[in-house]
Amino acid sequence: MAFSIERRQQDIKALKEGILDVLIIGGGITGAGTALQASASGLKTGLVEMQDFAEGTSSRSTKLVHGGLRYLKNFDVEVVADTVQERAVVQGIAPHIPKADPMILPIYDEPGSTFSMFSLKIAMDLYDRLADVTGTKYANYTLTKEEVLKREPQLKSDGLLGAGVYLDYRNNDARLVIENIKRAATDGGYMVSRMKVVGILHDANDKASGATVEDLLTGETFDIKARVVLNTTGPWSDTIRQMDDKVDAAPQMRPTKGVHLVVDNKRLPVPQPTYFDTGKNDGRMVFVIPREEKTYFGTTDTDYTGDFEHPTVEQEDVDYLLEIVNNRYPSAKITINDIEASWAGLRPLISSNGGSDYNGGNSQPISDESFDKVISTIEQYKKGTVDRYTVEDVLKNIETDNSESEANPSAISRGSALDIDPDGLITVAGGKITDYRKMALGAMKAVIEILQNDFNLSYELIDSTNYPVSGGNINPLEVEAETEKLAQMVIEKGLNQAEALYLANLYGSNTPKVLALLDEIQQVKGLTLADSLSLCYAMKEEMTLTPSDFLIRRTNHMLFMRDTLDSIIDPVITEMARYYGWTEEEKTNYRKGLETAVAESDLKNLKGDGKK
């Protein structure tokens, strides 16, 4: 059955009646990735998410599959090696989503600079070796000051020394989640959004045996029974553990808030993703990224103690980012009124291992003596006077001195943790989007071990490094060529080239399934044929239950196509109301929800339009 509202009703019936092998709480990227692996491995799998899939952290990232180059400032080779290798795996299983997009990193002569031109080149060469792109079209290179300014003439010239260019990947975070969810559903998993956990169930031996949930669409409360319960709720991880009355769980999360702002690319034209120090000597770096005729920039990285369900952009967030961007691009003179869209999200950092991968984690600066020793050894290696093992020995000793190099014993990847409470509740927390598959794999190993030891049930894990997500049946080595072929199929159906590329990039190998809807739908009045197809597919195949689901997470319309958003809101709501048979009251409520989301994205209150 298609992944639609009818499927939701069927899945809820199954959740009420049966016993799951594993119940996953949380429908962000970690939960989605785990659900895919569990379902594909034959486990009877359920997943519940209190919001839309990816509505929390996993649709509010910087939208990169980031390589962590900055860790090489301290020669933290292990984490970068893990990150770039895992990034290659993700690109292989979801080739229509992460796309290569080389990053430019300008270097300024100013206090607190992360890199000098010399140390940047050393780091990029090492990065290329770890990413296995040395000698390819994605190999790094440096630019002189003059070359940088020719490429990005608006960049500040004072103090500019040059730049490095290295491989990074842009990402569509929410699409990566829904494609994992859809694949899990295809493989028999019960994936249900708008289903809130309100209690943890226990068996006669006080072992976690399921959850009491509330259907937020109907108000119904019921129990879901499961042999293993897995908590993948990100910032809410502590909340779920504290809900478990058989566990005395000390809080371990220290969420931080990240804010991004979007402007038209005419106000801030950049030819490629750009990454630089803030210039404030605060140890942070900021991205400026072109996307769909817009430019967005961020991120902030501030501790957060507010409402996890509703982080918002505050005036100080805007002031901080505008000061940095206007300093780096002095002629831009961006003001709050130039901001067309925005988003705020939480990073589920673990308090004992805090620090975002974008801003370097907790690694402490190495001494000048150690730094000089590493550089000297690498130079000797290049001259052939020492061997590779000598270099590795020096790097390993540097890593041992780093505060974050000794990983948490329960960590699956850097900054993550897997904990099993005395009642068997498993919690996977922390980490970053690049590591989601590896985190899911670690969780699955724990689940399968419990099923074997406690229930005498044996399962063999699939090879998740070669198991594509929905839409991912594309040769990862021929993504551009295969996307062009898919786009040509769309063009042959009468859509223009821009629409064709948009659909092919959005849906990957599912594009023919989207096109098949042409035989059963009519173009929605007020929408293009491409948007009509997207909306129909979103409702029939992607569990899109509200206008916000469609305009924010199934597409990025609200974020990167703000110019046309207002004109399609009415047609989208009207068509969804027709399809779902909404009452006038329901239609009004969904409209209000979308209007609130748009007003927040527009920063209406901060701009003064919404003040009383």
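A few points on the structure.

Thresholds applied
Residues numbered from 1 in each chain as written. Predicted model: local features only at pLDDT ≥ 70, side-chain atom pairs only at ≥ 80, totals over all residues. Heavy atoms only, no water. Helix = DSSP H or I, 4+ residues; strand = E, 2+ residues; numbered from the N terminus. Buried < 20%, exposed > 50% of the residue type's maximum accessible area, 1.4 Å probe, protein only. Contact = heavy atoms within 4.5 Å. Salt bridge = Lys/Arg side-chain N within 4 Å of Asp/Glu carboxyl O. Pairing = 2+ DSSP bridges. Core = buried A, V, L, I, M, F, W, Y, C linked by side-chain atoms within 4.5 Å.

1. Observations concerning unusual backbone geometry
A cis amide bond, omega 20°, links Gly 298 with the succeeding residue Thr 299. At Asp 132, a position not held by glycine, the phi torsion is positive, near 60°. Topologically, Asp 132 is positioned in the loop between helix 4 (117-131) and strand 6 (141-144). One non-glycine residue, Asp 206, adopts positive backbone phi at about 65°. Looking at Asp 206, the relative accessible area reads 39%, which means it is partly exposed.

2. So, helix 16 (residues 547-554)
Across the 8 residues of helix 16, 8 count as buried, placing the element largely inside the fold. For helix 16, the full list of buried residues reads Pro 547, Ser 548, Asp 549, Phe 550, Leu 551, Ile 552, Arg 553 and Arg 554. Contacts from the buried residues of helix 16 go to helix 6 (173-186), helix 13 (497-507), helix 15 (529-541), helix 17 (557-560), helix 18 (562-580) and helix 19 (584-601).

3. Side note on the pattern of salt bridges
By the definition in use, this model includes 38 salt bridges. Put simply, Glu 220 and Lys 16 hold a salt bridge, and the shortest N to O gap is 2.6 Å. A residue pair is termed long-range when its members are at least 10 positions apart, and Glu 220 in the loop between strand 11 (208-215) and strand 12 (221-231) and Lys 16 in helix 1 (residues 5-17) qualify at 204 residues. For Glu 220, a relative accessible area of 32% puts it in the partly exposed group. Here Lys 121 and Asp 125 are joined by a salt bridge, their closest N and O atoms 3.2 Å apart. Taken as a pair, Lys 121 and Asp 125 lie in helix 4 at a separation of 4 residues, close to a single helical turn. What makes Lys 121 partly exposed here is its relative accessible area of 27%. Within this structure, Asp 52, Glu 55, Arg 194, Asp 549, Arg 553 and Arg 554 form a network of salt bridges that share partners.

4. Here we look at the sheet that holds strand 4 (residues 99-100)
Read across the open sheet, the 3 strands follow the order 3-8-4; overall the sheet is antiparallel. Each of the sheet's edge strands pairs with one partner strand only, and the pair in question is strand 3 (64-65) and strand 4. Of the strand pairs in this sheet, strand 4 and strand 8 (residues 169-170) are connected by 2 bridges, and their pairing is antiparallel. Looking at the pairing, Ala 100 lines up with Tyr 169 of strand 8.

5. Section: the nonpolar core
Counting residues in hydrophobic clusters, the biggest one holds 65 residues, and the most contacted among them are Phe 53, Ile 181 and Met 191. Among the nonpolar cores identified, the runner-up in size contains 35 residues, and Leu 69, Met 103, Val 133 and Ala 341 belong to it.

6. Considering the pairing of strand 7 (residues 160-166)
A regular strand places its side chains on the two faces of the sheet in alternate fashion. For strand 7, the buried fraction is high: 6 of the 7 residues fall into the buried class. Alignment of strand 5 (residues 103-108) against strand 7, held across 6 bridges, turns out to be antiparallel. Bridged to Ile 104 within strand 7 is Val 165. When strand 6 meets strand 7, the two strands line up antiparallel, connected through 4 bridges. Residue pairing across strands places Leu 143 opposite Ala 163, the latter belonging to strand 7.

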